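Report on the structure
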Amino acid sequence: MASERDIFDISGPFYLTFVDWNNLHHRRSVAASLVQGVYVLERDRQLNRGETEALAPPWWKFFHFELIRILIDDADLSIFGAIYQFLPPTSIQNPSTPNTPLNVIAFRGTITKGDAFSRDLKLDLHFLQNGLHQTSRFEIAMQAVRNTFSFVGNHTIWLAGHSLGAAMATLTGKNMAKTGIFLETFLFNPPFFSAPLEQIKDKKVKQGIRIASSLLTAGLSIAMKGHRQIPRLENAFAALSDWVPYLFVNPSDHICSEYIGYFDHRQRMEEIGAGRIEKLATQNSIGDLFLRAMGRESEPLHILPSANLTVNLSPSPDFKRAHGIHQWWRPDLHLQCKQYRYK
């Protein structure tokens, strides 16, 4: 029996009968729906739902997108991504604006049921070890992004992903940004591998731990200044400053909530005159520095110079809902939005 969460007419943003591409709420809802389409594509595959029983198509057809390619993991043959093309009917007047995508490349997160779970779990472990860039799934995703860009150019491509898929979208977006190509990117519940400091209720304790962590990270960065990779990493960090992805996080989701403290703490350190220390700390992570000191290649995804951070302050009854993709197209969200730009 199909889950109601997979059925667009029950769980999707079917109220969005007209999309204003200049409206961030509309763009967020469409991007999240296209990511959900990838989840349902994989569940259709696992449950052998044929063309007439498939539940995935309404998640993109409702917004006048067509599925032009599915991205398949070479290890387990699961569907982990999709490339969509916007093809509005002729009845829609002036459908295109500078914010209208021509193509959207979307990546799903971890599926905990079925034969895809084992592979997804291995990729989660690669993420925890800052090694997602060394996986074949990333290579497939990166090639798909490059190929799409070669056909249509950067101003008409969106990247979107949820959870593990957000990590994949971050990594592909970063790689494109390092070459001067800045793709509009929607990251839903992007994972941040760190101690869950944001869950600490005492603000003074939380701030004290963050300051101590910044001092330690900055100190290690200075100690490793002679390491041949450190200057290259700092230059890459600066090169990413003009890429401003959209991050959508929930404070009740410990997987992504640390992004709230990451950006807020950086701003507070500048306000108290400790901006130089935080500049070093922001560009590095303790785990990454140790891995590089041991000669291991590392790509920490949470290190972002700039972002449009949106925090969902609406109550979440449990972790499943706080981490879920469905929250991001609800029309009644209590959102707090702020842009952070690297100076």
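Residues numbered from 1 in each chain as written. Predicted model: local features only at pLDDT ≥ 70, side-chain atom pairs only at ≥ 80, totals over all residues. Heavy atoms only, no water.

The chain goes by GDSL esterase/lipase in an unreviewed UniProt entry, where it is assigned to Acorus calamus.

1. What about the pairing of strand 3 (residues 103–107)?
What counts, and what does not: Residue exposure (1.4 Å probe, protein chains only): buried if accessible area is under 20% of the type maximum, exposed if over 50%, otherwise partly exposed. Only DSSP runs of H or I with at least four residues qualify as helices, and only runs of E with at least two residues qualify as strands; both kinds are numbered from the N terminus onward. Two strands pair under a simple rule: DSSP has to find at least two bridges between them.
Taking burial as the measure, the five residues of strand 3 include five buried ones, the bulk of the element. Residues Asn103, Ile105 and Phe107 line one face of strand 3 and the alternating positions Val104 and Ala106 line the opposite face, and both faces are buried. Looking at chain direction, strand 2 (residues 79–86) and strand 3 are connected through five bridges and run antiparallel. Looking at the pairing, Ala82 lines up with Ala106 of strand 3.

2. Things to note about the pattern of salt bridges
For clarity, the threshold we go by: For salt bridges, the criterion is a side-chain nitrogen of Lys or Arg within 4 Å of an Asp or Glu carboxyl oxygen.
Applying the stated criterion across every chain, the model contains 13 salt bridges. Between Asp332 and Arg330 there is a salt bridge, and its shortest N-O distance comes to 3.1 Å. We classify Asp332 as exposed; its relative accessible area is 52%. A network of salt bridges, in which partner residues are shared, links Asp73, Arg108, Arg119, Asp120 and Arg137.

3. Brief notes about the nonpolar core
Basically, it comes down to this: Take the buried residues of types Ala, Val, Leu, Ile, Met, Phe, Trp, Tyr and Cys, join any two whose side-chain atoms come within 4.5 Å, and each joined set is a nonpolar core. Contacts are assigned to residue pairs with any non-hydrogen atoms lying within 4.5 Å of each other.
Within the largest apolar cluster, 44 residues are counted, with the highest numbers of intra-cluster contacts made by Ile105, Phe107, Leu132, Leu247, Tyr259, Phe263 and Leu309. The element best represented in this core is helix 6 (residues 164–177), accounting for eight residues. In this structure Leu132 touches Leu123, His126, Phe127, Phe138, Leu164, Ala167, Met168, Leu171 and Leu301, once residues within four positions along its chain are discounted. Of all hydrophobic cores here, the second largest spans 36 residues; its members include Val38, Phe63, Trp158 and Tyr246.

4. Some details on helix 5 (residues 136–152)
Formally: Here the expected length of a helix is defined as 1.5 Å per residue gap, with one fewer gap than residues. The directions from the helix axis to the C-beta atoms are what the arc is built from.
The terminal C-alpha atoms of helix 5 lie 25 Å apart, and with 17 residues this matches the ideal 24 Å at 1.5 Å per residue to within 8%. Along helix 5, the residues that are buried comprise Arg137, Phe138, Ala141, Met142, Ala144, Val145 and Thr148. Take helix 5 and look down its axis: the buried residues cluster within an arc of 160°, on one side only. For helix 5, exposure combined with an orientation more than 90 degrees from the buried face picks out Ser150 and Phe151. Just past helix 5, the residue Gly153 takes up positive phi, approximately 85°.

5. Here we look at a positive patch on the surface
Short version of the rule: Candidates for patches are residues over 30% relative accessible area with no salt bridge; among them, like charges are joined within 9 Å and nonpolar side chains (Val, Leu, Ile, Met, Phe, Trp, Tyr) within 5 Å. Method for areas: the Shrake-Rupley scheme with a 1.4 Å probe, in which residue coverage is limited to the protein chains shown. Residues scored as positive are Lys and Arg, those scored as negative are Asp and Glu, and His as well as the terminal groups of each chain are ignored. Each charge is placed at NZ for Lys, CZ for Arg, CG for Asp and CD for Glu.
Where like charges cluster on the molecular surface, the positive patch consists of Arg5, Lys113, Lys320 and Arg321. Tracing the backbone shows Arg5 in the segment before helix 1 (8–11). What makes Arg5 partly exposed here is its relative accessible area of 34%.

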